[in-house]
Amino acid sequence: FTDADGTTLATHVGEIGAGWFAFGGGAAPEITGGHLRPVTAAASSHWALNVAPVADQRVAAVVRRGTSAASSQNIGPAARCSSGTNAYWCRFSLGFWQLYKSVGGSVTQLASIGDSSSYTSQAGNTRLLEIECIGTTVRMLLDGVELASVADADLASGVPGVRSYDALGAGEGEELDQIEYEVL
């Protein structure tokens, strides 16, 4: 993210020329020091890329570890975002890589895998976190390696996005360095 500090996702335009919109409420994540971070304490935020909905997609984000190992602040890629807060998303939170879905306001954890890497050991560590949806298969990948794969038919299509929760000072919790989107 090369925008000036304080630029919100609501006004950021990415390399493909598409803007972002709120698809479930919450304040827009903010760019600080080249990183995207949540800005609302103890609340979730759902933002999606303004592109045509598709079924099969991959959304990847470079996740940066903050200075607070006990932070509840998290942000991660989302796929098949649609009306309300409907989406699949993944994140790192309190030592676990987690895969979720939200359908009709009901949130369900689909997978939770303990971190066995060195990610949590040092602030500034980065990992490539991906969510991939093909047909009814939803996968979470870390640095290209599958962490979880589930069968779920609740969300058939949508747009890519990000989901965030909570807000600490800049650099304290999880932040995103970049987001990539691919139609599969």
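The structure under discussion appears in the preceding block.
Rules behind the numbers
- Residues numbered from 1 in each chain as written.
- Predicted model: local features only at pLDDT ≥ 70, side-chain atom pairs only at ≥ 80, totals over all residues.
- Heavy atoms only, no water.
- Helix = DSSP H or I, 4+ residues; strand = E, 2+ residues; numbered from the N terminus.
- Rg over C-alpha atoms; globule rule 2.2 N^0.38 Å.
- Buried < 20%, exposed > 50% of the residue type's maximum accessible area, 1.4 Å probe, protein only.
- Contact = heavy atoms within 4.5 Å.
- Areas by Shrake-Rupley, 256 points an atom, 1.4 Å probe, with all protein chains shown as cover.
- Lys, Arg positive; Asp, Glu negative; His and termini not counted.
- Charge placed at Lys NZ, Arg CZ, Asp CG, Glu CD.
- Core = buried A, V, L, I, M, F, W, Y, C linked by side-chain atoms within 4.5 Å.
- Salt bridge = Lys/Arg side-chain N within 4 Å of Asp/Glu carboxyl O.
- Pairing = 2+ DSSP bridges.
- Axes fitted to C-alpha atoms, helices over the stretch in contact; angles between N-to-C directions.

Novice: Tell me what's going on with the overall build of the protein chain, and back it up with residues and numbers.
Specialist: For the protein chain, the helix and strand inventory stands at zero helices and 14 strands. Starting at the N terminus and walking to the C terminus, you meet the elements of the protein chain as β-β-β-β-β-β-β-β-β-β-β-β-β-β. Computed over the C-alpha atoms, the radius of gyration of the protein chain is 15 Å, within 12% of the 16 Å expected from 2.2 N^0.38 for a compact globule of 184 residues. When burial is assessed residue by residue, the protein chain has 47% of its 184 residues classed as buried. Long-range contacts, defined as pairs at least 24 residues apart, comprise 67% of the intrachain contacts of the protein chain with a sequence gap of at least 6. Total accessible area on the protein chain is roughly 7,400 Å²; 50% of this is exposed by carbon and sulfur atoms. Separation between the mean location of the 10 positive side-chain charges and that of the 19 negative ones in the protein chain comes to 5 Å.

Novice: Tell me about the environment of L129, and name the residues and values.
Specialist: Structurally, L129 can be placed in strand β10 (residues 126-134). Residue classification places L129 among the buried residues on the basis of a relative accessible area of 0%. Placed 14 residues apart in sequence, L129 and D143 show a C-alpha to C-alpha distance of 6.5 Å. Ignoring sequence-local partners within four residues, the contact set of L129 consists of V59, A60, A61, V63, P77, C90, R91, F92, W97, M140, L141 and L142.

Novice: Mind laying out the nonpolar core, listing which residues take part and the relevant values?
Specialist: L99, I131 and L176 are the most contacted members of the largest nonpolar core, which has 32 residues in total. At the level of secondary structure, the elements contributing two or more residues to this core comprise β4 (44-49), β5 (57-64), β6 (74-81), β7 (87-93), β8 (96-103), β10, β11 (137-142) and β12 (145-151). Residues in contact with L99, not counting those within four places in the same chain, are W89, C90, T108, Q109, L110, A111, I131, V138, M140 and V150. With eight residues, the next largest nonpolar core counts C81, W89, Y100 and V159 among its residues.

Novice: I'd love a proper account of the pattern of salt bridges, names of residues and values included.
Specialist: Pairing of side chains with opposite charge becomes possible as their charged atoms draw close. Taken as a whole, this structure holds 12 salt bridges when the rule is applied. With a shortest N-O distance of 3.6 Å, R80 and D56 are connected by a salt bridge. Of the two residues, R80 sits in strand β6 while D56 sits in the loop between β4 and β5, which places them 24 residues apart along the sequence. We classify R80 as buried; its relative accessible area is 1%. Among the residues examined, D56 registers a relative accessible area of 24% and is labelled partly exposed. Across the pair E132 and R139 runs a salt bridge, and its minimum N-O distance is 2.9 Å. Each of R58, E130, E180 and E182 takes part in a single network of salt bridges with overlapping partners.

Novice: Could you give me a rundown of the sheet that holds β7, with the residues and numbers involved?
Specialist: With antiparallel pairing, the seven strands of this open sheet are ordered in space as β1-β4-β13-β6-β7-β8-β9. The strands lining the two open edges of the sheet, one partner per strand, are β1 (20-22) and β9 (106-114). Ignoring which end each strand starts from, the neighbouring axes of this sheet average 25 degrees apart. Here β4 runs beside strand β13 (residues 159-165); their pairing, made up of five bridges, is antiparallel. Note on β13: the bridge partner recorded for S45 is S164.

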